Amino acid sequence: MIKKIFRILICLLSLLFIVWFIAPAVLYRVLNIGNIVGVLICVFLIFRFGTEKLYNSFKEKLFKNKVGKVVYRILTVLACICLAYAVIISSLMAFFGIKAPTSPSDNTAVVLGAQVKPWGPSALLWQRIHAAEKYLGENPDAVAVVTGGKGDDEIMSEAQCMYENMVKDGVKADRIIKEDKATNTKENIEFSYKIIKDKKLCPDIAIVTDSYHQFRARIIARKQGVTDDISAVNTQNGFIGLVCYPTYFVREWLAIPVELLK
């Protein structure tokens, strides 16, 4: 009975997450490796725990020959390794996603860019703008470097967009420094840290981005030579952020080892 309840719960959760992974693609045209891998994992779990007879039949066919047995055992080991990896990486992402700066703090905020829409900041960029404004409001001695260049489909650079909206919201212009050449997270941090050193700002940085992105951002920062303290300023996820969260979270699982191997 307990085993049956467990299988039902796994299947229900998998169905829920399938909807959750598909929703960003349907509602916001957000389709990336995170959606795809997330859906595939959920489909596998439903096959494994929701179709026991079919799964056992498949297993029996494999076990009819030695090659099938070896394949099954290899797949089982790989599944265990992937599960262990997901648990470890998720734990690290959670840990570094909550490393908040001490208060009060003069850590220089490095605000990572996100897409600019024809009508202004995307939802993701708005969240980073608001998080940076809150940090600067709570820490009057801190300044921010807003970083992000202009993509082919953007009406202005991400840095300029953040600058204009933060000033419009009441942040003093002399507390915001623009870095408008970066095209990815590596360049965001590399170029921003150069500005921090050149202008002799506080070398301790507070990276303003989404919580799931903090661990990879920290890895990149260390690889770019940031030896001073690195803290996290996380965005507050609105409805769009909540819908897209699992997709981006799973994408980070895959992006982190790629970053480590570069």
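It should be noted that the structure appears before, not after, this text.
Residues numbered from 1 in each chain as written. Predicted model: local features only at pLDDT ≥ 70, side-chain atom pairs only at ≥ 80, totals over all residues. Heavy atoms only, no water.

Chemist: Even after reading the chapter, I still don't get the nonpolar core, so can you show me in this structure?
Modeler: In a soluble, globular protein the nonpolar side chains are often hidden away together inside. Judged by nonpolar contacts, the single largest core of 22 residues is most densely connected at Val-111, Leu-125, Tyr-135, Leu-136, Val-146, Met-166 and Val-208. Of all the elements in the fold, those that place two or more residues in this core are strand 1 (108-112), helix 5 (123-138), strand 4 (144-147), helix 6 (158-168) and strand 6 (205-209). When neighbours within four sequence positions are excluded, Leu-125 is seen to be in contact with Gly-113, Ala-114, Gln-115, Val-116, Cys-161 and Met-162. Of all hydrophobic cores here, the second largest spans 17 residues; its members include Cys-42, Ile-89, Tyr-248 and Phe-249. (Core = buried A, V, L, I, M, F, W, Y, C linked by side-chain atoms within 4.5 Å. Buried < 20%, exposed > 50% of the residue type's maximum accessible area, 1.4 Å probe, protein only. Helix = DSSP H or I, 4+ residues; strand = E, 2+ residues; numbered from the N terminus. Contact = heavy atoms within 4.5 Å.)

Chemist: Just checking my understanding: could you explain the sheet that holds strand 1 for this structure?
Modeler: As a general point, the strands of a sheet are linked pairwise by backbone hydrogen bonds and lie either parallel or antiparallel. Here we have five strands laid out as an open sheet, ordered 5-4-1-6-7, and parallel in their pairing. The sheet is open, and its two borders are formed by strand 5 (176-179) and strand 7 (230-234), each paired with just one other strand. On average, each strand axis in the sheet is inclined to that of its neighbour by 25°, with strand direction left out of account. Here strand 1 runs beside strand 4; their pairing, made up of four bridges, is parallel. In the sheet register, Ala-109 faces strand 4, and the bridge partner there is Ala-144. Across the sheet, helix 5 lies against strand 1, strand 4, strand 6 and strand 7, angled at about 145° from strand 6, the strand it touches most. (Pairing = 2+ DSSP bridges. Axes fitted to C-alpha atoms, helices over the stretch in contact; angles between N-to-C directions.)

Chemist: Looking at this structure, I do not really get unusual backbone geometry. What am I missing?
Modeler: Phi is positive for Arg-29, which is not a glycine, with a value near 60°. Along the chain, Arg-29 falls in the loop between helix 1 (2-28) and helix 2 (33-50). A positive phi angle, close to 55°, is found at Lys-200, a residue other than glycine.

Chemist: Can you help me understand the packing of helix 4 (residues 66-96) against helix 8 (residues 214-223) in this one?
Modeler: Describing two packed helices takes the angle between their axes plus the distance from one axis to the other. Running from N to C, helix 4 and helix 8 cross one another at 80°; their axes reach a closest spacing of 8 Å. Accordingly, the angle class assigned to the pair helix 4 and helix 8 is roughly perpendicular. Contacts between helix 4 and helix 8 involve Ile-89, Leu-92, Met-93 and Phe-96 from the former and Gln-214, Phe-215 and Arg-218 from the latter. Among the residues forming the contact of helix 4 with helix 8, the class breakdown is five nonpolar, one polar and one charged. (Parallel < 35°, antiparallel > 145°, perpendicular 65-115°, else oblique. Nonpolar A, V, L, I, M, F, W, Y, C, P; charged D, E, K, R; others polar.)

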